[in-house]
Each structure stands twice: as C-alpha cells, then as structure tokens.
Amino acid sequence: MNCLLCNCQLSMRLCITELFLPIDHQRETVCDACRARFSAYHLSKQCCPGCGHPLNGELLCSECQAWKNNYGQFLHHRPLFHYNEAMAEYMSLYKFQGLYQLRMVFQHVVQMAIKQEEYDLLVPIPVSPTTLRTRGFNQVEGFLEGMQFHQLLTTIDDHKARQSARTRQERLVSQQPFQLNNNVRVTGQHILLVDDVYTTGRTLYHAADLLWQAGCQRVKTLSLAR
Amino acid sequence: MQKTDFYGRRVLLNAEEAQQIRIPNLEIMPAVKKNGDRIYCYRCGQTSSCDTSHLPNNQYYCPVCFNLGRSSSLACYGHLAEPNHFTLPTSILTWSGQLSPLQKRVSQAIDQGMTNHQRQLLWAVTGAGKTEMIFAGIAHALARRERIAIASPRVDVCLELFPRLQAAFANTPIALLHGRTPEPYQYRQLTICTTHQLLRFYHAFDNLIVDEVDSFPYAANQALLFATNNAVKKTGGILFMTATPGRTLEQQIHRHQLHVHYLPLRYHGHLLPQIKINLAPRWRKNMERGLLPLTLIRSIKATLSAQHQCLLFIPHIDDLPLVEQVLYRQLTNSRFTTVYAADPQRIEKVQAMRDGDYDFLITTSILERGVTFPEIDVYVLGADDSVFSSSALVQIAGRAGRAVTRPTGRVIFWVSALSRSVNDARRQISLMNRKGRCLQRELSSL
Ligand SMILES: [Zn+2]
Ligand SMILES: [Zn+2]
Ligand SMILES: [Zn+2]
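Residues numbered from 1 in each chain as written. Chains lettered and ligands numbered in written order. Predicted model: local features only at pLDDT ≥ 70, side-chain atom pairs only at ≥ 80, totals over all residues. Heavy atoms only, no water.

### Thoughts on the coordination of the zinc ion (ligand 3)
Residue and element names in this part refer to chain B. As a reminder, the rule being used: Water is not among the atoms examined, so metal sites may look incomplete; donors are the N, O and S atoms within 2.8 Å of the metal, or within 3.2 Å for Na, K and Ca. Every angle between 85 and 135 degrees makes a four-donor site tetrahedral, while opposite donors more than 155 degrees apart, with all other angles between 65 and 115, make a four-donor site square planar and a six-donor site octahedral; other sites are irregular. Each residue is assigned to one of three classes by its accessible area relative to the maximum for its type, calculated with a 1.4 Å probe on protein chains only: buried under 20%, partly exposed between the two thresholds, exposed over 50%.
Donor atoms from the polypeptide that bind the zinc ion (ligand 3) are Cys-41 (SG), Cys-44 (SG), Cys-62 (SG) and Cys-65 (SG), placed at 2.3 Å. For the zinc ion (ligand 3), the four donor atoms in the first shell make angles of 106 to 115 degrees at the metal, so the coordination geometry reads as tetrahedral. Mapped onto the polypeptide sequence, the residues donating to the zinc ion (ligand 3) form the spacing pattern C-x2-C-x17-C-x2-C. For Cys-44, a relative accessible area of 0% gives the class buried.

Structure representation (structure tokens):
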C-alpha cells in the first residue's frame with residue numbers, strides 16, 4: 001500500500017500493544033509526512049460557536065453575527081481542518097483533477113465526525129448537473145460512501161460552476177442556487193448538512209435557509225475544511 | 001480550438017465539447033477501456049485496477065496520466081492525422097560551427113539513420129558534445145518537410161536546448177512545451193518538449209530525438225516509453241541520446257533493435273577515468289562512531305597536496321553533518337563545505353568552489369547539468385547504496401577528467417559490498433574505453 005498523496009511506501013509499524021487495540025490500520029491511506037501537513041481544528045471556548053473562528057472576547061464573530069442578523073439565526077458549523085496549502089493542493093487534485101480515489105484520504109475522518117453528531121437526515125451539498133457529467137462524482141458524496149444519506153437538494157442552474165470565478169463580495173449577494181426536491185418532508189427533522197469547504201458560509205446558509213423554511217427543527221453543518 | 005491543434009495529437013474532450021466541436025473529419029477516439037477488472041488507458045498505455053480507478057455509475061478513469069487532464073470514460077480524444085503542412089524557409093541550418101573529424105563521422109551516420117527513419121542510439125561519453133552532432137540530421141529532415149521533436153525527461157535540458165536550437169535553425173519557428181509553459185500550444189515543424197508532453201501526441205513525428213534517456217523519471221517509466229513510441233508516426237524514426245543507456249536500451253542493443261553509434265572519446269580525445277573500488281565493510285557503523293575509512297582521508301589529502309580539488313559524494317542528506325564533523329577533525333587545515341540539491345546556498349557554494357575558495361565539497365547530488373569543475377578527483381562513500389543507479393554512478397565518475405589541462409583524474413568508490421549498479425557502471429566505462437582505444441589507434445594511423 002502506498003501513500004495516496006506522495007506515493008511513498010506506507011510502513012507497517014505495528015507494535016505489540018497496537019495489535020490488540022482497535023486501530024484501523026487498513027484505513028491508513030497517507031504517510032505521516034503528508035498527514036502532518038494538514039492542520040485539524042481543535043474547537044474550544046475561545047472559538048466562534050458559529051464557524052470555529054478564534055474569538056477575542058465576543059460571543060460570536062462578526063461574520064456569523066452578520067448571518068444571524070440576516071437569517072434570525074446562525075449555523076453551528078463544525079470545520080474539521082484548516083484550509084491551508086496542503087488542503088488547497090488536495091482539493092485541486094480531488095475535485096478539479098478528478099482523482100476520485102482521493103476520497104479515501106478523508107473518508108474515514110469525515111465519517112467518524114458525522115457519527116459523533118445527532119441527526120435525523122444526513123444531507124450532502126449537491127453539485128451542478130454539468131459538473132456531475134464531466135467530473136463524474138459529487139466530492140461530498142465521495143466522503144459519505146457507505147453511509148445512509150439523503151440528497152434533498154438540487155442545483156437550479158450551473159451556479160456552482162461559475163462561483164469559483166466570482167469575488168467574495170459577489171458570492172455573498174448571490175441568488176439561491178438550490179431547490180428542495182419535490183415531495184420532501186422535513187418538518188421537525190434534525191438535519192446535518194455536509195460540504196467540502198466552508199469559505200464564506202454562503203453556500204451552506206443558502207441550503208440551510210431552504211430547510212428552515214420547509215420547517216426543519218434544527219440544521220447543523222459540517223465541512224472538511226474551512 | 002482550431003484544426004491545427006489536432007494534427008498528430010490526441011486532444012482531450014469532455015462529452016459536451018465533443019458534441020459541440022465542428023471540425024471536418026475529426027476522428028474521435030476513446031480514452032480508456034475496461035478489460036475485466038482492469039482499466040486500460042489509450043493515452044499512457046497503462047492498466048490500473050478498478051479499485052483505484054472507478055467512478056460512480058460504472059465510469060472509470062486513468063490515475064497514471066491524470067495531470068495532463070483526466071483520461072476517463074466520460075471523455076474522449078479528438079485527433080487529425082499529421083498532414084505535414086509546413087512552409088520551408090530558404091535557408092534552414094543557420095549554424096556555422098565546426099565539428100571535429102570524429103564528431104563529423106557520427107553526425108553523418110545519424111543523418112543517414114534519420115533519413116531511413118531508423119531507431120538509433122547515440123551512446124556518447126559525458127563531455128563529448130552531442131547536440132551539434134544532430135544538427136545535420138535535423139536540417140535534412142526539415143528540408144524533407146518532416147515534423148521533428150526533441151524531447152528530454154528534464155525541463156532544464158529543454159530550456160537549455162531551446163536557445164541553441166533556435167540559433168541553429170533561426171528561420172524555423174520552434175514550439176517549446178513543458179509543464180511550466182503557460183503559452184497555448186502551437187503547431188510547429190520543430191518541437192522541443194519534455195518526454196511527459198509526448199503523451200499528448202499521436203503519430204505526429206517523422207523523427208523524434210530523446211536526449212538524456214537515462215535520467216529520472218524517464219528510465220523506469222513505462223508510460224513515457226509508451227508515449228515515445230506513440231508520438232512518432234508508424235514509419236517514424238527515433239534517436240535516443242545518452243551517456244549511460246541503462247538496462248532497457250542495452251537489451252534492445254543486444255537484440256539488434258537499435259542502430260548504435262558510439263562516441264567513446266571526449267572532445268579532448270581522452271578516455272574516461274575508470275572507477276577504482278575500495279572495500280569499507282562497516283563504513284556506516286564506523287562513521288557513526290566518528291571514523292571514516294583511512295584510505296578516504298589519505299586520498300583527499302593526496303588530492304589536496306597535488307593542488308587539485310575533489311568532490312566527495314555520499315548517499316543521504318542526513319549523513320552530511322556527520323561526515324563533515326569527522327573531516328573537520330581529520331583535515332584541520334582544509335576548506336570545505338557540504339551542499340545538496342535543495343540547499344538554499346547551493347549556487348553560492350558551487351561558485352565558491354569554482355573560484356577556488358573551497359578545496360572540496362561534500363555532496364549528495366551531481367548538482368546541475370553543466371556544473372563541471374575542470375581538474376577534480378571524484379570520491380564516493382557508500383557507492384553501493386541503492387540511491388545510486390548505475391547511470392548516476394557513470395555520471396558522477398564522468399565529472400572527473402573534463403579539462404584538456406588534466407584529462408585524467410582519480411575516481412574512487414568506497415563500498416561495503418559490490419553492488420550490481422557499481423559493477424554495471426564499471427562495465428559501461430570499460431566498454432566505452434575499449435571502443436575508445438580502438439578509435440584512438442585508428443585515428444593515430446590516419
Ligand atoms: Zn505521503
Ligand atoms: Zn463565526
Ligand atoms: Zn493514462
């Protein structure tokens with residue numbers, strides 16, 4: 001087995017004690033050096049409850065406060081990793097170059113984090129039909145492979161495809177890109193929304209807004225990176 | 001996209017692009033195919049298992065050549081047969097340099113081979129002056145309206161070749177293609193590119209020249225070997241150029257699949273210095289205890305007292321500080337330092353060595369191409385380590401004896417045991433020197 005990111009040989013250093021621990025060694029997909037380049041979030045009291053951003057005394061960061069003013073409530077978002085250089089490289093390979101096998105790098109971590117959450121429905125953010133045709137996969141669903149999830153949302157047009165070209169400001173005022181699928185009943189449900197990257201929160205708030213309006217009791221969100 | 005983009009190439013198109021494109025007679029070719037539980041890629045010729053290369057909904061892709069754009073069952077290739085639509089300048093070769101009689105002989109043989117579209121190998125020792133010897137062959141091929149490419153596994157070689165070729169063929173526009181070029185592709189009669197870029201071509205070239213075939217990452221890369229064969233027309237010729245052919249090419253020589261041209265003498269007419277072997281069975285253990293082979297210390301002292309410089313190669317960067325420490329204690333009066341490929345002060349240190357500010361350098365890499373020190377001795381500690389391929393060892397040994405002022409030089413390897421690579425390197429040097437001696441006799445009888 002080789003490291004999925006740098007292709008080096010993964011060493012099998014099982015010591016005696018590890019043999020009896022339930023550590024999933026088959027799930028080792030990257031080497032220690034590549035793993036060390038990613039930086040996980042350690043959420044604490046000093047972090048914004050809305051997005052995980054570090055706080056200086058205030059209760060909510062200014063961005064989340066703006067969302068709260070806008071929607072009357074804010075998302076309790078849980079990011080797993082910082083969007084650093086390693087994560088940018090990873091996203092470029094996985095999403096844009098389309099190396100579907102790289103879903104395995106974070107599949108386990110994402111699924112473990114999801115299992116810690118309480119929810120009724122697990123909902124991935126969708127990709128546009130054009131992206132799906134050319135890329136061949138939804139990068140979020142790649143992480144959820146083997147779990148039960150519900151694709152409640154569809155993109156209205158090729159909204160996401162053009163998003164990368166936009167400036168941050170343009171994205172903040174953008175139109176609702178999603179619609180709730182017909183015959184979906186979510187009243188009173190607890191929803192866990194999952195995306196790959198949380199940049200401004202715009203995408204997740206659009207999705208959450210639809211779900212709130214449809215009568216969801218609570219919407220929580222999670223992303224691999226922020 | 002225009003018609004010329006497709007001449008002799010395979011251009012990746014997604015399903016929508018393939019439907020929208022309006023180019024008459026465009027041939028649409030599949031990108032991958034499924035063979036049982038293996039995926040075969042038409043671009044790089046590699047197969048991979050479905051486990052690593054599947055997509056949802058029974059689609060699949062090639063994980064080997066993805067950085068040229070993903071080759072997948074969701075995409076296809078557009079191709080047009082190479083039409084050789086070129087306008088020729090009135091004067092093609094604008095180079096006016098002179099070849100030595102020896103170079104001239106090889107140059108003529110290569111020219112003949114290119115005319116006959118043969119598979120050839122130019123096996124020339126390090127420091128023989130290869131590039132000028134292919135000018136005649138290229139000039140005649142261009143005059144025959146052939147499409148020609150010169151490819152190298154290394155970007156730095158391409159960058160170095162481009163201005164020399166552009167000066168030699170000043171009236172022929174040349175395309176330079178490598179992973180770092182931002183300019184869009186252009187259809188040209190003469191192309192200089194990395195071997196990686198050859199993956200984009202399909203039956204394009206009438207003659208293809210591959211320089212520095214021995215160097216990483218080409219030598220052991222099946223995809224690049226596949227690409228080389230695919231990039232030339234079915235009737236096309238290939239010329240490999242190298243100082244150390246390596247196993248694959250040597251096998252082809254034995255099977256007579258290649259016409260070989262040897263150039264066993266350096267430009268100054270001398271032989272390569274042969275490698276001398278010293279056994280140092282536990283050199284690593286001893287080094288960790290602060291000891292280096294006595295013969296190594298003596299050799300360095302001998303070099304320095306003869307007013308020469310030397311390079312000491314060791315296998316790993318981690319060993320550099322230890323070797324440096326030991327030598328500081330043993331050679332108190334000499335000036336030296338360590339340098340490695342990613343060393344931020346590499347250029348300054350190499351310059352200081354050239355200026356004579358250092359007596360020797362301890363290093364892990366052969367530094368850049370073209371970094372030659374004229375009158376040096378070359379020592380390698382741990383030459384049997386697996387980081388040194390036989391090609392690398394021949395290149396390292398070839399750093400000695402470059403200058404007319406000192407065409408010989410001492411090349412000594414310390415090994416814990418004889419390895420296949422060390423033996424191969426010695427064998428290749430002996431072979432070239434045997435041929436070199438014959439040639440010297442022949443030349444002196446003229
Ligand atoms: Zn790695
Ligand atoms: Zn916040
Ligand atoms: Zn391929």
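### Some points on the sheet that holds strand 11 (residues 174-177) of chain B
Residue and element names in this part refer to chain B. Heads up, the condition is: The pairing criterion is simple: DSSP has to find at least two bridges between the two strands. In this description a helix means any DSSP run of H or I spanning at least four residues, a strand means any run of E spanning at least two, and both kinds are numbered starting from the N terminus. Where helices are involved, their axes are fitted lines through C-alpha atoms of the stretch in contact, as for all axes, and angles between N-to-C directions lie from 0 to 180°. We call two residues in contact whenever any of their non-hydrogen atoms come within 4.5 Å of each other.
Strand order across the open sheet formed by seven strands is 11-12-10-13-14-9-15, with parallel pairing between neighbours. Unpaired on one side and paired on the other, strand 11 and strand 15 (259-263) mark the two borders of the sheet. Sheet twist, expressed as the mean angle between neighbouring strand axes with direction ignored, is 15 degrees. By the bridge criterion, five bridges tie strand 9 (residues 119-124) to strand 15 in an arrangement that is parallel. Within the sheet, the bridge partner assigned to Leu-122 lies in strand 15 and is His-261. Along the sheet, helix 6 (residues 222-231) contacts strand 9, strand 13 (205-211) and strand 14 (232-242); its crossing angle with strand 14, the most-contacted strand, is approximately 130 degrees.

### Let's talk about the pairing of strand 8 (residues 75-79) of chain B
Burial analysis of strand 8 of chain B places five of its five residues in the buried class, the great majority of the element. Residues B:Ala75, B:Tyr77 and B:His79 of strand 8 of chain B are buried on one face, and the alternating residues B:Cys76 and B:Gly78, pointing to the opposite face, are buried as well.

### Here we look at helix 10 (residues 320-330) of chain B
Residues and elements named next belong to chain B. We apply this condition: For this quantity, the arc is that covered by the directions from the helix axis to the C-beta atoms.
Along helix 10, the residues classified as buried are Leu-320, Val-323, Glu-324, Val-326 and Leu-327. Take helix 10 and look down its axis: the buried residues cluster within an arc of 165 degrees, on one side only. Its buried side turned inward, helix 10 meets helix 8 (283-288), helix 9 (294-305), strand 17 (309-313), strand 18 (336-339) and strand 19 (360-363).

### Digging into the domain arrangement of chain B
Residue and element names in this part refer to chain B. Our working definition: Where each domain begins and ends follows an automated or database-derived domain assignment. By buried area we mean how much accessible surface two parts lose on assembly, using a 1.4 Å probe and totalling the loss over both. Any Lys or Arg side-chain nitrogen located within 4 Å of an Asp or Glu carboxyl oxygen qualifies as a salt bridge.
By domain assignment, chain B separates into domain 1 (3-79), domain 2 (101-263) and domain 3 (276-440). A C-alpha centroid distance of 31 Å is found between domain 2 and domain 3. Between domain 2 and domain 3, the residue contacts involve 20 residues of the former and 14 residues of the latter. Each partner contributes to the roughly 1,600 Å² buried at the junction of domain 2 and domain 3, and carbon and sulfur atoms together form 51% of this total. For domain 2, the biggest contributors to the area lost against domain 3 are Thr-126, Thr-244 and Arg-247; these three give 31% of the whole. The interface formed by domain 2 and domain 3 includes one salt bridge.

### A word on the pattern of salt bridges
Residue and element names in this part refer to chain A. Summed over all chains, the structure comprises 20 salt bridges over all chains. Salt-bridge contacts for Arg-78 lead to Glu-117; the nearest nitrogen and oxygen are separated by 3.2 Å. Of this pair, Arg-78 sits in strand 1 (residues 76-81) while Glu-117 sits in the loop between helix 5 (103-115) and strand 2 (121-124), and the two are 39 residues apart along the sequence. The exposure class assigned to Glu-117 is buried, which follows from its relative accessible area of 16%. Connected through salt bridges with shared partners, the residues Arg-78, Glu-117 and Lys-220 form a single ionic network.

### Structural notes on the sheet that holds strand 17 of chain B
All names here are of chain B. A sheet is described by the order of its strands in space; here six strands give the open sequence 16-21-20-17-19-18, paired in parallel fashion. This sheet does not close on itself; its edge strands, each paired only once, are strand 16 (276-279) and strand 18. The sheet shows a mean angle of 20 degrees between the axes of neighbouring strands, direction not considered. As paired elements, strand 17 and strand 20 (residues 376-381) share five bridges and run parallel to each other. Along strand 20, the bridge assignment pairs Leu-312 with Tyr-379. Here helix 9 sits on the sheet and contacts strand 16, strand 17, strand 19, strand 20 and strand 21 (411-415); the angle it forms with strand 20, its principal contact strand, is near 170 degrees.

### A closer look at the coordination of the zinc ion (ligand 2)
Residues and elements named next belong to chain A. Donor atoms from the polypeptide that bind the zinc ion (ligand 2) are Cys-48 (SG), Cys-51 (SG), Cys-61 (SG) and Cys-64 (SG), placed at 2.3 Å. Viewed at the metal, the four donor atoms of the zinc ion (ligand 2) are separated by angles of 104 to 116 degrees, and the geometry they form is tetrahedral. For the zinc ion (ligand 2), all donor residues lie on one chain, and their spacing in sequence is C-x2-C-x9-C-x2-C. One end of the pair, Cys-51, is in the loop between helix 2 (32-36) and helix 3 (62-71); the other, Cys-64, is in helix 3, with 13 residues separating them in the sequence. For Cys-51, a relative accessible area of 1% gives the class buried. For Cys-64, a relative accessible area of 1% translates into the label buried.

### Description of the packing of aromatic side chains
Working definition: an aromatic ring pair is given by the centre-to-centre distance plus the angle between the planes. What counts, and what does not: Pairing of aromatic side chains here covers Phe, Tyr and the six-membered ring of Trp, requires ring centres within 6.5 Å, and sorts the geometry by plane angle: under 30 degrees stacked, over 60 edge-to-face, intermediate tilted. By definition here, charges over rings are those cases where NZ of Lys or CZ of Arg is within 6 Å of the ring centre and within 35 degrees of the ring normal.
Inspection of every chain in the model, using the stated rule, returns 25 aromatic pairs over all chains. Ring centres 6.4 Å apart and planes at 75 degrees place the aromatic pair A:Phe38 and A:Phe81 in the edge-to-face group. Here A:Phe38 is found in the loop between helix 2 and helix 3, whereas its partner A:Phe81 is found in strand 1, with 43 residues between them in sequence. By relative accessible area, A:Phe38 is classed as buried at 11%. In this structure A:Phe81 comes out as buried when scored by relative accessible area, which is 11%. Of the aromatic side chains, those joined through ring pairs into one cluster are A:Phe38, A:Phe81, A:Tyr90, A:Tyr94, A:Tyr100, A:Phe106, A:Phe137 and A:Phe143. Above the face of the A:Tyr100 ring, A:Arg103 is positioned so that its terminal group lies 4.1 Å from the ring centre. Residue placement shows B:Arg9 over the ring face of B:Phe201; its charged tip is 5.2 Å from the ring centre.

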